[in-house]
Amino acid sequence: MRTSMNWLAVLPAFASLVLAGSVSAQDTAAQFQTFCATCHESDGESRAPGRDVLRQMSPEQILSALEKGTMSKVGAERSRVERRALAEYLAGKKLGSSPLAAIPQSAYCGAAAKAFDASGPNWNGWGVTQANTRFQPANDAGISESEVPRLKLKWAFGFPGASSASAQPVVLGGRVYISSWEGDVFSLDARTGCIHWRLETEAGIRSAITLAPGAGKPWVAYFSDLAANAYAVDAASGKILWKSKLDSYPLARVSGSLKLHDGLLYIPVSSREESMAADPKYPCCRFRGSVVALDAASGKQVWKTYTIADQAQRTQVSRAGVQSWGPSGAAVWSSPTIDALRNSLYVATGNSYSAPVAPMSDAIVALDLKSGRILWSRQITPNDTWNGSCPETARDHANCADRAAPDYDFASPPILVEDRGGRAKLVIGQKSGVLFALDPDRKGATVWERRVGEGGTSGGIMWGSATDGERVYAALSDAKRVGREIDPESGGGLVALELKTGKLLWNTPHPDCGSRKPCGKVQAAAVSAIPGAVFSGSVDGHLRAYSASDGRIIWQFDSAREFATVNGVPARGGSISDGGVAVVDGMLFANSGYSHHSGIIPGNVFLAFGVE
Ligand code: HEC
């Protein structure tokens, strides 16, 4: 009798121990509603991908995002079992049904690989030039306008575990340098795609790599990650030379690409706090944008200049009973621009996150290259205090200081360029849909401005424009939403303006996607140009080339499909966004797949094209 009583007492505990290995679908659905839906199911223009986008990912990709990707802070609050259950629930598939492929040894270049040699054509850093022109001259491009229609896929490479492939590719010495949102950096052979080296870093990487010879030593690759670390690694071997933390603020990240000039690295700092403020319980906001200058040889900080002079102070208590802070925001999302002639570094900032508004938000800021002192700033949009709790349809506006704020960040960097009359201009597109030409010699006074898009929280003009010194080429994002989904009819198009006057020369709308589902016209990816041709990717998965003179589409490639890869990792393409293509030595390199900001088709492929 006593024995059986004991068994009765023990049984329930034993049963729950076994059950603890799995979570019921009902509990997982409830977990999603409690911990994720505020951002992932709000009808508003949240930055968080919707259920439809998450469903296209593999459970492994979602788990990876929760454990070491963009959602790792949110994921850390759930148990391992819960994270796995959420991953299976959101993907609608069991873990293990599409396991992350290991990269086979045969994908590596091996002993036959040529030694590192930096000579020859290159695309180095985000904007090809220190001025962010994104124009590749004929000698380096090695592809003429007439050859563009004959571009054919040569090889494809899969990023293991990634749901986005979007960093600007960099090519130097016949090697491609490319990173992923999963924190992998690869150096690949440009002709064959074989791997010279792979480095796993602490966090995902969104920005481009910059290469330069070290002081009397071998070439060095410099880059920064989404945990706000900067790295210097040996360009030939991938060995880490130094690693440096740029900002101790927990949500700080680097999204824009760094620049190197005269021994100093200039690194823009942004943050995820703007999106996290969608959570009514989040004490919004204390992040301040900045530029950090590091000694390239040692990684030691030389100066750091904030876009908001003082630390945030306590302001009011929100409707959700949470202490608010401000001013905050003015993140630097994009790459700085070097102007050695004027000893200036130009950066463009985003909106304020919380009240009071920061005077250098949505602004162009000029800093002294040597000291980081602010030389001048020009605010383009005043009173723009926006965060993830502001959209009309967000569930709760507890953290929103101004429901009417437009969210008109600068997501593109300033381009420094001389027009054909020899006059210097800073050209920049804004999420407002307006392109500006500003005068660097008159503290950013407007030379011309032209509205080319409607503008909105998802652009206007997003990641970057290009110029050949005669015309400026800008792609239009202009994503609009119907509920959570991007309106398939909204946005897109490529425009060309005369650099000197801002006159509209041509405007080529997105050509439509026919019966393709999901569709989207949004063209948010940075534009790249070569003499006679301009390249622009779309979230519909197409990469298109346009004639520079009249905007005719002269080539297109649909990347939203599966690819056989040279490294054996299953890969598919999808939305193209963020970085643009690199054209180097007769080849064109492009990423495809994007699950972030306005991306509708996740993917993990890197594509290399050549002329046939
Ligand atoms: C406070 C808002 C917020 C909450 C809460 C939140 N997310 Fe996210 N999530 C985002 C944003 C914003 C992004 C896009 C991040 C980016 O693009 O950098 C995102 C991206 C993702 C992605 C895609 C990552 C990738 O690499 O493509 C996954 C998967 C994800 N979230 C899962 C979850 C799950 C599961 C939960 C709940 C446990 C959750 N999120 C809670 C805001 C949130």
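Just so we're clear, the structure is a prediction, and the values are computed from it rather than from any experiment. (Residues numbered from 1 in each chain as written. Predicted model: local features only at pLDDT ≥ 70, side-chain atom pairs only at ≥ 80, totals over all residues. Heavy atoms only, no water.)

**Points about the coordination of the iron atom of the ligand**
Alright, step 1. Within the first shell, the iron atom of the ligand binds the protein through His40 (NE2) and Met71 (SD), at distances of 2.0 to 2.3 Å.
Alright, step 2. Its six donor atoms give the iron atom of the ligand angles of 86 to 178° at the centre, a pattern that matches the octahedral case. Taken as a pair, His40 in helix 3 (residues 37-40) and Met71 in the loop between helix 5 (59-67) and helix 6 (72-76) lie far apart in primary sequence, 31 residues in all.
Alright, step 3. Take His40: its relative accessible area is 11%, and that puts it in the buried class. (Donors = N, O, S within 2.8 Å, 3.2 Å for Na, K, Ca; no water. Tetrahedral: all angles 85-135°; square planar, octahedral: opposite > 155°, others 65-115°. Helix = DSSP H or I, 4+ residues; strand = E, 2+ residues; numbered from the N terminus. Buried < 20%, exposed > 50% of the residue type's maximum accessible area, 1.4 Å probe, protein only.)

**So, the domain arrangement of the protein chain**
Alright, step 1. Segmenting the protein chain into domains produces domain 1 (14-91), domain 2 (138-169 + 413-612) and domain 3 (247-254 + 257-405).
Alright, step 2. Between the C-alpha centres of domain 1 and domain 2 there is a distance of 32 Å.
Alright, step 3. The interface is formed by 19 residues belonging to domain 1 together with 18 residues belonging to domain 2.
Alright, step 4. Across the domain 1-domain 2 interface, the total number found is zero salt bridges.
Alright, step 5. Applying the counting rule to domain 1 against domain 2 returns two residue pairs in polar contact (both at pLDDT 80 or more).
Alright, step 6. Mapped by element, the contributors of at least two residues to the side of domain 1 that touches domain 2 are helix 3, helix 4 (51-55) and helix 5.
Alright, step 7. For the side of domain 1 that touches domain 2, the class distribution of residues is five nonpolar, nine polar and five charged. (Domains from an automatic or database assignment. Contact = heavy atoms within 4.5 Å. Salt bridge = Lys/Arg side-chain N within 4 Å of Asp/Glu carboxyl O. Polar contact = N/O pair within 3.5 Å; in protein donor to acceptor, adjacent residues only side chain to side chain. Nonpolar A, V, L, I, M, F, W, Y, C, P; charged D, E, K, R; others polar.)

**Topic: the site of the ligand**
Alright, step 1. Inspection of the region around the ligand gives 24 residues, with Cys36, Cys39, His40, Met71 and Ser595 positioned closest.
Alright, step 2. A distance of 2.7 Å is found between a nitrogen atom of the ligand and a side-chain nitrogen or oxygen belonging to His40.
Alright, step 3. His596 is positioned with one of its side-chain polar atoms (N or O) 2.4 Å from an oxygen atom of the ligand.
Alright, step 4. Those elements that place two or more of their residues in the shell around the ligand are helix 3, helix 5, helix 7 (80-91) and helix 9 (273-276).
Alright, step 5. For the shell around the ligand, the element with the most residues is helix 5, which contributes three residues.
Alright, step 6. Partitioning the shell around the ligand into residue classes produces 16 nonpolar, six polar and two charged. (Near = heavy atom within 4 Å.)

**A few points about the side chain of Ser187**
Alright, step 1. Along the chain, Ser187 turns up in strand 4 (residues 184-189).
Alright, step 2. The exposure class of Ser187 is buried, given its relative accessible area of 0%.
Alright, step 3. Dropping the residues within four chain positions of it, Ser187 is found in contact with Arg175, Val176, Tyr177, Cys194, Ile195, His196 and Trp197.

**Topic: the sheet that holds strand 24 (residues 424-429)**
Alright, step 1. Ordered in space as 23-24-25-26, the four strands form an open sheet in which the pairing is antiparallel. Each having just a single partner strand, strand 23 (415-418) and strand 26 (445-451) make up the two edges of the open sheet. For this sheet, the mean angle separating the axes of adjacent strands, direction not counted, is 25°.
Alright, step 2. By the bridge criterion, four bridges tie strand 24 to strand 25 (residues 434-439) in an arrangement that is antiparallel. Each residue of the ladder has a partner; that of Gly429, found in strand 25, is Leu435. (Pairing = 2+ DSSP bridges. Axes fitted to C-alpha atoms, helices over the stretch in contact; angles between N-to-C directions.)

**Section: helix 2 (residues 25-35)**
Alright, step 1. Listed as buried for helix 2 are Thr28, Gln31 and Phe32. Along the axis of helix 2, the buried residues cluster in a sector spanning 100°; they form a single face. In helix 2, the exposed positions angled more than 90 degrees off the buried face are occupied by Gln26 and Thr34.
Alright, step 2. As for helix 2, its buried residues are in contact with helix 3, helix 4 and helix 7. (Arc of directions from axis to C-beta.)

**A look at the state of the cysteines**
Alright, step 1. Tallying each qualifying case throughout the model produces three disulfides.
Alright, step 2. Sulfur-sulfur distance for the disulfide between Cys109 and Cys194 comes to 2.0 Å. Every disulfide takes its handedness from the sign of the S-S torsion; for Cys109 and Cys194 that torsion is 100°, giving right-handed. Of the two residues, Cys109 sits in the loop between helix 7 and helix 8 (138-141) while Cys194 sits in the loop between strand 4 and strand 5 (195-200), which places them 85 residues apart along the sequence.
Alright, step 3. Assessed through its relative accessible area of 16%, Cys109 is described here as buried.
Alright, step 4. The disulfide bridge from Cys390 ends at Cys400, spanning 2.1 Å between sulfur atoms. Taking the torsion about the sulfur-sulfur bond, which here is approximately 105°, the covalent link between Cys390 and Cys400 counts as right-handed. Pair noted here: Cys390 is in the loop between strand 22 (374-379) and strand 23 and Cys400 is in the loop between strand 22 and strand 23, with a separation of ten residues, a long-range link.
Alright, step 5. Classification of Cys400 as buried rests on a relative accessible area of 15%. (Disulfide = S-S within 2.5 Å.)

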